[in-house]
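Spelled out, the chains give:
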Amino acid sequence: MEKGTLVEFRVQGDRRLGIVERPDGKTRWFVVDERGQSHSLAPRQITYTVTGQTYKTSEIASFLEQVKPYLDPSSLEVAWELLVEDGETVTPDQMANLLFSESAAPLCYAAYCLLSDDKLYFKQKGDAYEPRTAAQVAERQHQVEVEALKAKGQQEFLVRVEQALKGEAVEWGRHDRQRLEGLEKYAALIADTVRTGVGVNYDSLARAYPPSAAVLETMTMLGRPTTPQGAFQLLVDLGYWSPYENLFLRRSSIPIQFPHKVLEVAQQRLDFPPIDSDTNRLDLTHLKVYTIDDETTTEIDDGLSWEVLPDGRERLWVHIADPTRWLVPEDELDLEARKRGTTVYLPTGMIPMFPEVLATGPMSLIQGRVCCALSFGIILGTTGGVEDYSIHTSLIKPTYRLTYEDVDEMLQLRVQAEPEIAAIAIWAQRRRAWRYAQGAISITMPEATIKVKGEEIHIDILDDSPSRQLVAEMMIVAGEVAARYGKTHNIPLPFRGQPQPELPPDEELLLLPAGFVRACAMRRCMPKSEMSITPLRHAGLGLDTYTQATSPIRRYSDLLTHFQIKAHLRGEVLPFSADQLKEVMMTVTSITQEVTMVERQTNRYYALEYLRRHPEETWDVTVLMWLREDSNLALILLEDLGLQLPMVFKRSVNLGEQIVVKVSHADPQKDMIQFQEIIYQEAQTAAN
């Protein structure tokens, strides 16, 4: 190659012109660019050679100025239209003649630049360029338009992101939401590691779950770390998520919103109530009916009555809401409830099993209204066992809507105007004593209730008050009666049971401190409850047979019990055969297990968040049990909160020992909690 030849080469993809100065060995050349920088180039690195004359380095800028006026990409369209029919190839020199009617060196180089940059009309074929077919050009034009729209969308997204980061209100577009949904799924991966209970290692999580291409593009475009935690923080910064977003719920398969079709059907049932299949309902509207719930309960599904029969015997009535009045097996409402399995109860609120317009309206037992119910009339023997019973589809009119606190006060004050309450309480006590005589096992441990209102977290201990015991006993006896009815008439039901536990010997239990430590040891021995389409003994409750029937608005298994029993009462074919019921139960059980896990994880998250907010607070705790005694890891009970959490001790402690601790570190998102023990003098100082 002659010294002074002008050549083009690329530096990191950018065009660069230079002058050939001298050979570099046998095959390479030293080339000096317009900046005076020297480059050693192999022939394959030279992308274009200007022929016909030689140049000096100082002339490169002038050469480029001559080229610049001819670099109009639209001019290639005219050339393509002339060449496409014959499909002949064209060199840069020929293209210069075609476009500019001459082939001076700057014009040939301009033609080369146009052809080599073109991605639409021509493709390179050796040293020449071939026109693409009309179909290929049309397809590429479409791709260019798509890419242009994508680039425009990206730019608009970035503008909205900047607005959101400044705290301004933003209306996200459809494509924005698709990006954000991808980020949500990726951020929710944090919950996968939290489920292990060992805390989150974000680095390993990012390696185990690389982001999708769309998420990677978004995070890179915004300069954010491409990790689930990075995605989480971005969503929080954008105001799209709360800092306390429930990742367990988002990672689960639990539906949060009802499909539009289901809501339409619910409204139709409300506007045009279906014909009641139970035309011979027993009219019990003369009875005084008490519904007893927490003050915040909106789905009221049970009520209680008491009456004296002509023969002097007393009859208890347990009235259960009748949601099957508003649906039939396999309709839209039933299938949606089956998919959900249960109402989900979270500190932040509940996710109902049925649409609210039905669940809190006509399905509930509302004070002062005539309501459809499934009523269990029960006569107990003097010791508390079931002596006689009957089950009826009924009409009732709830008289009072009471809270547990109302009933506790009525019992304490012995309100004469409501003798029914006192009578039901007496029967509940007898019933409880009877169950313990049958082998029921009572394990009393403090239970925390966590509520989140706005930014505030409230933790209280669930009080096992007389009113709660009263309601619990009435629900249990109704479950026993429903199961006995199913057993007597050979009806497949979702029976519940619990195998007999193998409790530690008395001499071993007596070695443990009385109270919470002993109860904790017994609880560890309790086997999981079981479900079956045939009757089972429930050792924990002390019952030979049992099913749940008292929460059909909130538990799908209870709804199944209603479907089966009501069909039998009408003399109709059961809606579910044994095999069908077994299949549905397996599905529902799997769903409810996931719900239970999400509820437990969410409660733990807010428990840790509550403790994180109170770093200076001291807590009285009891050492309950060893989790890993060799490493001094124990389970402790924070007595004022009813929380059971792990703690590593730096000294030897005994089970049942009561100590004072405070939180040294808490990270709810990483599922981490660490306590430090406060010696007595420190605790006194903190208290003062």
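## Focus: the overall build of the chain
So, step 1. On a plain count of helices and strands, the chain comes out with 22 helices and 25 strands.
So, step 2. Against the compact-globule benchmark of 26 Å for 688 residues, the chain has a radius of gyration of 39 Å, which places it well outside the compact range.
So, step 3. Seen along its three principal axes, the alpha-carbon backbone of the chain occupies a region of about 125 × 70 × 45 Å.
So, step 4. For the chain, buried positions account for 47% of its 688 residues.
So, step 5. A sequence separation of at least 24 residues applies to 65% of the contacts in the chain between residues at least 6 apart.
So, step 6. Looking at charge distribution, the chain has the averaged site of its 72 positive side-chain charges lying 3 Å from that of its 98 negative ones.

## Some words on the sheet that holds strand β21 (residues 619-628)
So, step 1. Ordered by their spatial adjacency, five strands build an open sheet running β23-β22-β21-β24-β25, and the pairing between neighbours is antiparallel. Looking along the sheet, the strands with just one partner apiece sit at the ends: β23 (643-648) and β25 (672-678). Each adjacent strand pair in this sheet contributes to an overall mean axis angle of 45 degrees, direction not counted.
So, step 2. Pairing analysis gives six bridges linking strand β22 (residues 633-638) to β23, with the strands arranged antiparallel. Residue pairing for β23: Ala634 is matched across the bridge by Met647.
So, step 3. The sheet contacts of helix α19 (residues 516-525) involve β21, β22 and β23, and relative to β21 the element is tilted by about 35 degrees.
So, step 4. Contacts from helix α21 (residues 578-612) reach β21, β22, β23, β24 (658-667) and β25, with the element oriented near 65 degrees to β23.

## Re helix α12 (residues 260-271)
So, step 1. Taking 1.5 Å of rise per residue, the twelve residues of α12 would be expected to cover 16 Å, and the 17 Å separating its terminal C-alpha atoms lies within 8% of that figure.
So, step 2. If you follow the buried residues of α12, they end up packed against α13 (332-340) and α14 (356-359).

## Quick notes on the pairing of β25
So, step 1. Examined bridge by bridge, β24 and β25 share seven bridges and lie antiparallel to one another. Looking at β25, one finds that Lys662 is bridged to Gln676.

## A closer look at the pattern of salt bridges
So, step 1. With the rule as written, the count across this model stands at 46 salt bridges.
So, step 2. For Glu336, the salt bridge identified is with Arg340, shortest N-O distance 2.8 Å. Within this pair, Glu336 and its partner Arg340 are both found in helix α13, separated by four residues, close to a single helical turn. Neither residue differs from the other here; Glu336 and Arg340 are each classed as buried.

## Some thoughts on the nonpolar core
So, step 1. Counting 61 residues, the largest nonpolar core has Leu611, Trp619, Leu638, Leu643 and Phe675 as the members making the most contacts within it.
So, step 2. Excluding anything up to four places from it in sequence, Leu643 contacts Ala448, Ile450, Ile459, Ala607, Leu611, Ile636, Leu637 and Leu638.
So, step 3. Counting 38 residues, the second largest nonpolar core, distinct from the first, contains Tyr290, Ile391, Ala428 and Ile565.

## Details of empty space enclosed by the protein
So, step 1. Throughout the structure, instances matching the rule amount to one cavity of 30 Å³ or more.
So, step 2. Its volume calculated, the largest cavity comes out at about 100 Å³.
So, step 3. In terms of lining, the largest cavity is formed by 15 residues, of which the most central are Glu245, Leu247, Phe248, Tyr605 and Gln669.
So, step 4. Listing elements by their share of the lining of the largest cavity, those giving two or more residues are α7 (190-194), α11 (247-251) and α21.
So, step 5. Residue composition of the lining of the largest cavity, grouped by class: eleven nonpolar, three polar and one charged.

## So, the confidence of the model for the chain
So, step 1. Scored by pLDDT, the chain has a mean of 92; 96% of the residues are at 70 or more.
So, step 2. Residue range residues 195-199 is modelled with pLDDT below 50. Its contacts to residues more than four positions away, or to other chains, number ten contacts.

## Quick look at the pairing of strand β4 (residues 38-41)
So, step 1. Alternating residues of β4 divide into His39 and Leu41, all buried, and Ser38 and Ser40, none buried.
So, step 2. Bridging between strand β3 (residues 28-33) and β4 involves four bridges; their strand directions are antiparallel. Looking at β4, one finds that Phe30 is bridged to Ser40.

## Focus: the sheet that holds strand β5 (residues 46-50)
Sheet strands associate in pairs through backbone hydrogen bonding, adopting either a parallel or an antiparallel arrangement.
So, step 1. The strand order across the open sheet formed by five strands is β4-β3-β2-β1-β5, and the pairing between neighbours is antiparallel. Only two strands of the sheet have a single partner each, and these edge strands are β4 and β5. Ignoring strand direction, the axes of neighbouring strands in this sheet form an average angle of 40 degrees.
So, step 2. Its contacts with the sheet put helix α1 (residues 60-67) on β1 (6-11), β2 (14-24), β3 and β5, and the angle it makes with β2 is roughly 140 degrees.
So, step 3. Strands β1, β2 and β5 of the sheet are contacted by helix α4 (residues 105-117), whose axis makes an angle of about 125 degrees with β2.

## A closer look at unusual backbone geometry
So, step 1. Even without being a glycine, Asn490 presents a positive backbone phi close to 55 degrees.
So, step 2. Structurally, the position occupied by Asn490 is in the loop between α17 (466-488) and β19 (495-497).
So, step 3. Asn490 gets classed as exposed once you look at its relative accessible area, which sits at 68%.
So, step 4. Non-glycine residue Asn632 carries a positive phi angle of around 60 degrees.
So, step 5. Position of Asn632 among the secondary structure elements: in the loop between β21 and β22.

## Description of a nonpolar patch on the surface
So, step 1. Taken together, the side chains of Val78, Leu82 and Leu98 make up a nonpolar region of the molecular surface, amounting to roughly 270 Å² of accessible area.
So, step 2. Considering the arrangement of structural elements, one finds Leu98 in helix α3 (residues 92-100).
So, step 3. A relative accessible area of 36% means that Leu98 is categorised as partly exposed.

## Considerations on the packing of α13 against α21
So, step 1. One can describe the packing of α13 onto α21 by two numbers: an axis separation of 7 Å at closest approach and a directional angle of 50 degrees. Between α13 and α21, the angle is such that the two are oblique. Across from Arg338, Lys339 and Arg340 in α13, the residues of α21 making contact are Val584, Val588, Ile591 and Val595.
So, step 2. Residues belonging to the contact of α13 with α21 are distributed by class as follows: four nonpolar, no polar and three charged.

## A short note on the environment of Ile424
So, step 1. Mapping Ile424 onto the fold places it in helix α16 (residues 419-437).
So, step 2. For Ile424, a relative accessible area of 1% gives the class buried.
So, step 3. The sequence separation of Ile424 and Gln674 amounts to 250 residues, and the corresponding C-alpha distance is 46 Å.
So, step 4. Residue contacts for Ile424: discarding those within four places in its chain leaves Leu304, Ser305, Trp306, Leu316, Leu470 and Met474.

## What to know about the packing of aromatic side chains
So, step 1. Taken as a whole, this structure holds 14 aromatic pairs when the rule is applied.
So, step 2. Its end group placed over the ring of Trp427, Arg430 keeps NZ or CZ at 4.5 Å from the ring centre.
So, step 3. Of note, Arg435 hangs over the ring of Tyr436, and the distance from its end group to the ring centre comes to 5.8 Å.

## Looking at the environment of Gly540
So, step 1. Mapping Gly540 onto the fold places it in the loop between β20 (530-532) and α20 (556-570).
So, step 2. Gly540 gets classed as buried once you look at its relative accessible area, which sits at 11%.
So, step 3. Taking the C-alpha atoms as reference, Gly540 lies 9.4 Å from Tyr436; in sequence the two are 104 residues apart.

Definitions and limits used
Residues numbered from 1 in each chain as written. Predicted model: local features only at pLDDT ≥ 70, side-chain atom pairs only at ≥ 80, totals over all residues. Heavy atoms only, no water. Helix = DSSP H or I, 4+ residues; strand = E, 2+ residues; numbered from the N terminus. Rg over C-alpha atoms; globule rule 2.2 N^0.38 Å. Buried < 20%, exposed > 50% of the residue type's maximum accessible area, 1.4 Å probe, protein only. Contact = heavy atoms within 4.5 Å. Lys, Arg positive; Asp, Glu negative; His and termini not counted. Charge placed at Lys NZ, Arg CZ, Asp CG, Glu CD. Pairing = 2+ DSSP bridges. Axes fitted to C-alpha atoms, helices over the stretch in contact; angles between N-to-C directions. Expected span 1.5 Å × (residues − 1). Salt bridge = Lys/Arg side-chain N within 4 Å of Asp/Glu carboxyl O. Core = buried A, V, L, I, M, F, W, Y, C linked by side-chain atoms within 4.5 Å. 1 Å grid on protein atoms, 1.4 Å probe; cavity = no way out; pocket = protein on both sides within 12 Å on 5 of 7 lines; lining within 4 Å. Points joined across faces, edges and corners; volume = space filled by probe spheres on them. Nonpolar A, V, L, I, M, F, W, Y, C, P; charged D, E, K, R; others polar. pLDDT = per-residue confidence, 0-100. Patch = residues over 30% accessible without salt bridge, like charges linked within 9 Å, V, L, I, M, F, W, Y side chains within 5 Å. Areas by Shrake-Rupley, 256 points an atom, 1.4 Å probe, with all protein chains shown as cover. Parallel < 35°, antiparallel > 145°, perpendicular 65-115°, else oblique. Phe/Tyr/Trp six-rings, centres within 6.5 Å; stacked < 30°, edge-to-face > 60°. Lys NZ or Arg CZ within 6 Å of the ring centre and 35° of its normal.

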